[in-house]
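A look at the structure
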Amino acid sequence: MDSGSPDVFDPADRLTCLRAGDAAGPVMPPVVQASLFRFDSLEALFAAQAREHEVSVYSRGTNPTVRELEQVIARLERAEAAKCFGSGMGAIAATLFALLEAGDHVLFCGDIYGPTIELAERLAGFGVGHSRCFATDIDSIEQAITPTTRLIYCESPGSMRFELLPLHEIAAFARARGIFAVIDNTVATPLLQKPLELGFDLSLHSCTKYIGGHSDTLGGTVAGSNELVERIFRRGYMLLGAAMAPHDAWLHLRGLMTLPQRLAQQQADAMEIAQHLASHPKVRRVFHPALADGVQAKLFARQMRGHSGLFSVEFDLPDHASTIAVANRLQLFGKAISWGGVESLVTSPWRRDPGDAEELRMPRTMLRFSIGLEGRDALIADLGQAMA
Ligand SMILES: Cc1ncc(COP(=O)(O)O)c(C=O)c1O
């Protein structure tokens with residue numbers, strides 16, 4: 001697959017990102033900076049409250065600017081509905097809070113974003129158990145299910161090793177047993193993977209990454225059926241209060257307008273840089289789903305339209321300290337967490353040398369790169385001088 005081809009995206013998604021064909025009026029929606037909305041009578045107010053997930057009553061529930069973004073995300077995710085949150089963690093917390101009860105178990109599959117696991121550890125105090133399955137084959141995942149498993153939570157690709165899970169099989173297995181199938185789809189973006197079409201119940205994103213795309217705002221979203229999104233709205237969104245602010249929704253709508261172009265450039269440059277590094281003598285391994293072989297390559301072809309601008313590298317260096325030194329010598333890569341903006345970033349999965357025992361899945365000489373828009377030649381030259 002030529003992951004750099006602009007045709008990699010569904011043409012309908014390009015129009016959705018631009019909101020092409022919208023009714024006459026301003027090209028950008030107004031930022032409705034209001035916390036509450038007036039009604040003609042108390043009867044009208046009470047009627048609106050019964051439909052608060054779609055009618056603006058109070059902006060901790062529904063706000064017109066945020067709703068505009070929710071409708072765009074729902075279309076991109078092929079979902080009936082979406083809800084937007086103040087951050088990705090807000091969306092994850094509300095989803096788990098709304099769907100789980102004491103006595104339930106969650107199975108986490110793949111490399112899961114650290115704070116999501118920390119949240120699950122907190123939920124243990126409220127009677128919700130969890131376990132993890134790192135294997136990527138469906139047999140191991142099936143064996144990891146317990147009689148009380150209520151929800152399977154996946155990350156595919158994961159955000160460090162970029163391994164893929166068999167999403168179709170997981171969704172079918174979960175559906176047959178009445179288990180919720182939920183995925184954090186942030187790495188793939190709504191353009192490159194459509195989990196609901198693969199049978200997942202809910203697809204979550206940190207909009208802070210590629211959707212906002214400019215490292216200037218936080219946001220999160222969850223997309224799925226009307227029934228599930230309304231349930232999350234009533235039991236998670238309204239009660240936990242991680243509402244998205246109207247101006248943030250406006251920034252995300254603006255970010256989405258150029259998502260296909262940014263992503264096309266970033267994925268093409270990332271692919272070229274990853275391929276260049278794969279043949280470098282100081283590189284042991286590159287983690288990039290389009291460069292994987294065997295089952296992983298088949299999954300990539302089957303469930304993704306391409307990969308984004310992220311990859312990791314295991315260097316052939318003696319230790320953690322010399323790997324950190326390579327990162328520090330980079331001039332065009334910001335040393336920062338997060339990713340998905342227009343600036344290139346580098347980080348390490350390890351804050352300190354993990355030691356042999358801990359270094360199981362994440363090599364100590366590993367760095368993760370998020371490719372921005374500086375151009376592949378300049379970034380390759382920068383990597384060359386840092387690795388010299
Ligand atoms: C894969 C993934 N999911 C969720 C999140 C959480 O998103 P936020 O920082 O917007 O709360 C992050 C943040 O880095 C992430 O990398």
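None of these values were measured; they are calculated from a predicted model. (Residues numbered from 1 in each chain as written. Predicted model: local features only at pLDDT ≥ 70, side-chain atom pairs only at ≥ 80, totals over all residues. Heavy atoms only, no water.)

Below, the discussion takes up the overall build of the protein chain. Per the secondary structure count, the protein chain includes 15 helices and twelve strands. In terms of overall size, the protein chain behaves like a compact globule, its C-alpha atoms giving a radius of gyration of 21 Å where 388 residues would be expected to give roughly 21 Å. For the protein chain, the spread of C-alpha atoms along the principal axes amounts to about 75 × 50 × 35 Å. Split into buried and exposed, the 388 residues of the protein chain put 54% on the buried side. Roughly 16,300 Å² of accessible area belongs to the protein chain as shown, and the carbon and sulfur atoms make up 54% of that amount. (Helix = DSSP H or I, 4+ residues; strand = E, 2+ residues; numbered from the N terminus. Rg over C-alpha atoms; globule rule 2.2 N^0.38 Å. Buried < 20%, exposed > 50% of the residue type's maximum accessible area, 1.4 Å probe, protein only. Areas by Shrake-Rupley, 256 points an atom, 1.4 Å probe, with all protein chains shown as cover.)

Within the secondary structure layout, Ser-344 lies in the loop between strand S10 (334-335) and strand S11 (345-347). Judged by its relative accessible area of 1%, Ser-344 is buried. One polar contact links Ser-344 to Glu-374, side chain to side chain, over a distance of 2.7 Å. Once residues lying within four places of it in the same chain are set aside, the contact partners of Ser-344 are Leu-332, Phe-333, Gly-334, Ser-370, Ile-371, Gly-372, Glu-374 and Leu-379. (Polar contact = N/O pair within 3.5 Å; in protein donor to acceptor, adjacent residues only side chain to side chain. Contact = heavy atoms within 4.5 Å.)

Now for the sheet that holds strand S9 (residues 310-315). Taken together, the five strands give an open sheet; going across it, the order is S8-S9-S12-S11-S10, and neighbouring strands pair in mixed fashion. Every other strand in the sheet has two partners, leaving strand S8 (283-287) and S10 as the edge strands with one partner each. Examined bridge by bridge, S9 and strand S12 (residues 366-370) share five bridges and lie antiparallel to one another. Within the sheet, the bridge partner assigned to Val-313 lies in S12 and is Leu-367. In this fold helix H13 (residues 320-329) packs onto S9, S10, S11 and S12, with an angle of close to 25° to the strand it touches most, S12. (Pairing = 2+ DSSP bridges. Axes fitted to C-alpha atoms, helices over the stretch in contact; angles between N-to-C directions.)

Once that is clear, we can look at the domain arrangement of the protein chain. In terms of domain boundaries, the protein chain breaks down into domain 1 (7-257) and domain 2 (259-387). Averaged C-alpha coordinates put domain 1 and domain 2 at centres separated by 27 Å. In this complex, domain 1 contributes 40 residues to the contact, which on the side of domain 2 involves 37 residues. Of the roughly 3,500 Å² buried where domain 1 meets domain 2, counting both sides, 59% is carbon and sulfur surface. The largest share of the area that domain 1 buries against domain 2 comes from Met-160, Arg-161 and Tyr-210, three residues that together contribute 24% of it. The tally of links from domain 1 across to domain 2 stands at three salt bridges. Here Glu-169 and Arg-302 are joined by a salt bridge, their closest N and O atoms 3.4 Å apart. Summed over the shared surface of domain 1 and domain 2, the number is 20 residue pairs in polar contact (both at pLDDT 80 or more). (Domains from an automatic or database assignment. Buried area = accessible area lost by both parts, 1.4 Å probe. Salt bridge = Lys/Arg side-chain N within 4 Å of Asp/Glu carboxyl O.)

This brings us to the nonpolar core. Counting 38 residues, the largest nonpolar core has Phe-9, Leu-69, Leu-191, Leu-256 and Leu-263 as its most contacted members. Elements with a contribution of two residues or more to this core: helix H3 (64-76), strand S1 (81-85), helix H8 (189-192), helix H10 (246-257) and helix H11 (259-278). Counting residues per element, this core draws most heavily on H3, at six residues. Formed jointly, this core draws a minimum of three residues from each of two domains, domain 1 (7-257) and domain 2 (259-387). Residues contacting Leu-191, with those up to four places away along its chain left out, are Phe-9, Asp-13, Cys-17, Leu-76, Leu-259, Pro-260, Leu-263 and Arg-305. (Core = buried A, V, L, I, M, F, W, Y, C linked by side-chain atoms within 4.5 Å.)

This part takes up unusual backbone geometry. That bond from Ser-156 to Pro-157 is cis: its omega, -5°, falls within 30 degrees of zero. Relative to the elements of secondary structure, Pro-157 occurs in the loop between strand S4 (149-155) and helix H7 (167-176). The backbone phi angle of Thr-189 is positive, close to 65°, even though this residue is not glycine. With respect to the secondary-structure elements, Thr-189 resides in helix H8. One non-glycine residue, Ser-215, lies in the positive phi region at around 50°. Along the polypeptide, Ser-215 turns up in the loop between strand S6 (202-206) and strand S7 (220-224). Classification of Ser-215 as partly exposed rests on a relative accessible area of 47%.

Close to the ligand lie 13 residues; Met-89, Asp-184, Ser-206, Thr-208 and Lys-209 are nearest. At a separation of 2.6 Å, a nitrogen atom of the ligand approaches a polar side-chain atom of Asp-184. Thr-208 places a polar side-chain atom, nitrogen or oxygen, 2.6 Å from an oxygen atom of the ligand. For the ligand, whose unbound accessible area comes to 390 Å², protein coverage reaches 90%. It is helix H4 (residues 88-99) that contributes the most residues to the shell around the ligand, three residues altogether. Looking at side-chain class alone, the shell around the ligand contains four nonpolar, six polar and three charged residues. (Near = heavy atom within 4 Å. Nonpolar A, V, L, I, M, F, W, Y, C, P; charged D, E, K, R; others polar.)

In this section: the pattern of salt bridges. One pass over the full model with this rule turns up 20 salt bridges. For Glu-70, the salt bridge is made with Lys-83, and the minimal N-O distance between the two is 2.8 Å. You can see Glu-70 sitting in helix H3 and its partner Lys-83 sitting in strand S1, a full 13 residues away along the chain. With its nearest N and O atoms 3.2 Å apart, the salt bridge here joins Arg-161 to Glu-163. The exposure class of Arg-161 is buried, given its relative accessible area of 12%. Linked through salt bridges whose partners overlap, the residues forming this network are Asp-10, Asp-13, Arg-78, Lys-194 and Glu-197.

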